[in-house]
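Tertiary structure, described
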Amino acid sequence: MRIGVTVFLTDQTIGPAELGRALAERGFQSYYAPEHTHIPVSRATPAPLGEPLPDYYSRTLDPFVALATVAAAAPGLRVGTGICLAAQHDPLLLAKTVATLDLVTGGNLDLGVGFGWNKEEMADHGVDFGTRREQVRETVLAMKELWGKEVASYHGEHIGFDPSWSWPKPAAGSVPVLIGGAAGPKLFKAVIDYADGWMPIGGRGLTQAMPVLRAAAEEAGRDPDALRIVPFGTEPTPGKMEHYQALGIEEIVFNVPSAPADRILPVLDDYARYVERE
């Protein structure tokens, strides 16, 4: 089982290069970076994990710059977004950024995407909260066209561009797309429609949820065994690793607190015992 971590890196935490070296030294195999461009002061949207919203949400580093730095410091470490707020990006720019990062890491990138919760943040990007799921879908589909074709075009309800050239291409021709979020019909429909897997936040309820997702995949004509399930932002507890292995999980991402190096490194030392056991 691959063991990775996610950390909200900020201007006040351990730096991405130091984190990358620390992960490699301890045998971790992946790092996922979260994303928030900004947090409006006038925010009225309640935080999903409760108030007050932690300060690190407004101080988060750009995920792709951070991931490039982590990858440069730890060659071979798999990196990814957890998650990228895809609707808040221009798809042409995001496609190039993702493809470039995938290319320079030798195909070691996973693109975790999500729909987002902060209405005010989205509004500043011109994104309507009610159509964010459709915009994420079109952004991913448009990027796949750009990655997979020499001459690509896309015309949807929210996104459109005429036949165009766009390089670089990802190392393997595409980048795995994982959708983050809680189990439910809408999320599973999106995973089956245009993604390569699911990142259940926290990782609870998989015993009940996974058979539902697999059945939906089979009904849609997709191979359920080809879908990656990556429990994300979870905490290691007794029996959890064995439980995930019994479910066929091949990667788990531990949550590590947003903190300076002197607080993060002991947590990584503790979590490394799970890596060593595997």
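Scoring rules and cut-offs
Residues numbered from 1 in each chain as written. Predicted model: local features only at pLDDT ≥ 70, side-chain atom pairs only at ≥ 80, totals over all residues. Heavy atoms only, no water. Helix = DSSP H or I, 4+ residues; strand = E, 2+ residues; numbered from the N terminus. Buried < 20%, exposed > 50% of the residue type's maximum accessible area, 1.4 Å probe, protein only. Contact = heavy atoms within 4.5 Å. Areas by Shrake-Rupley, 256 points an atom, 1.4 Å probe, with all protein chains shown as cover. Pairing = 2+ DSSP bridges. Axes fitted to C-alpha atoms, helices over the stretch in contact; angles between N-to-C directions. Core = buried A, V, L, I, M, F, W, Y, C linked by side-chain atoms within 4.5 Å. Expected span 1.5 Å × (residues − 1). Arc of directions from axis to C-beta. Polar contact = N/O pair within 3.5 Å; in protein donor to acceptor, adjacent residues only side chain to side chain.

**Concerning the overall build of the protein**
Helix and strand counts for the protein come out as 9 helices and 11 strands. Overall, the protein is about 50 × 40 × 40 Å in size when its C-alpha atoms are taken along their principal axes. Here the protein holds 278 residues, and the buried ones make up 50% of them. Taking the intrachain contacts of the protein between residues at least 6 apart in sequence as the baseline, contacts between residues at least 24 apart amount to 68%. Accessible surface, the protein: about 12,600 Å² in total, of which carbon and sulfur atoms supply 53%.

**Description of the sheet that holds strand 7 (residues 177-180)**
Pairing is parallel in the open sheet, where 9 strands are placed in the order 9-8-7-4-3-2-1-11-10. Either end of the sheet is taken by a strand with one partner, and the two such strands are strand 9 (228-229) and strand 10 (232-234). Pairing of strand 4 (residues 109-114) with strand 7, which is carried by 3 bridges, proceeds in the parallel orientation. Residue pairing for strand 7: leucine 111 is matched across the bridge by valine 177. Of the strands in this sheet, strand 2 (30-33), strand 3 (78-85) and strand 4 are in contact with helix 2 (residues 63-73), which crosses strand 3 at around 170°.

**So, the nonpolar core**
Taken as a class, soluble globular proteins show a tendency for nonpolar side chains to be buried jointly. By size, the foremost hydrophobic cluster in this structure holds 75 residues, and its most contacted members are Val5, Phe28, Tyr31, Leu111, Ile179, Trp198 and Leu268. The element that contributes the greatest number of residues to this core is helix 9 (residues 261-277), accounting for 8 residues. Look past the residues within four positions of phenylalanine 28 in its chain and what remains in contact with it is Ile3, Val5, Leu23, Leu77, Leu268, Tyr271, Ala272 and Val275. Counting residues in each nonpolar core, the second largest holds 8 residues, with Tyr32, Ile83, Met199 and Val253 among its members.

**Concerning helix 3 (residues 91-104)**
Since the α-helix turns once every 3.6 residues, residues separated by three or four places project in the same direction. Taking 1.5 Å per residue, 14 residues should reach 20 Å; helix 3 reaches 20 Å between its end C-alpha atoms and fits that length. What helix 3 keeps buried is the set Pro91, Leu94, Ala95, Val98, Ala99, Leu101 and Asp102. The buried residues of helix 3 all sit within an arc of 165° when viewed along its axis, so they share a single face. Turned more than 90 degrees away from the buried face of helix 3, the exposed residues are Leu93 and Val104. Looking at the buried side of helix 3, the elements it contacts are helix 2, strand 3, strand 4 and helix 5 (132-148). A distance of 2.8 Å separates the backbone nitrogen of leucine 92 from a side-chain oxygen at the start of helix 3, and that oxygen is part of aspartate 90. Trailing helix 3 by a residue or two, glycine 106 shows a phi angle of about 70°, which is positive.

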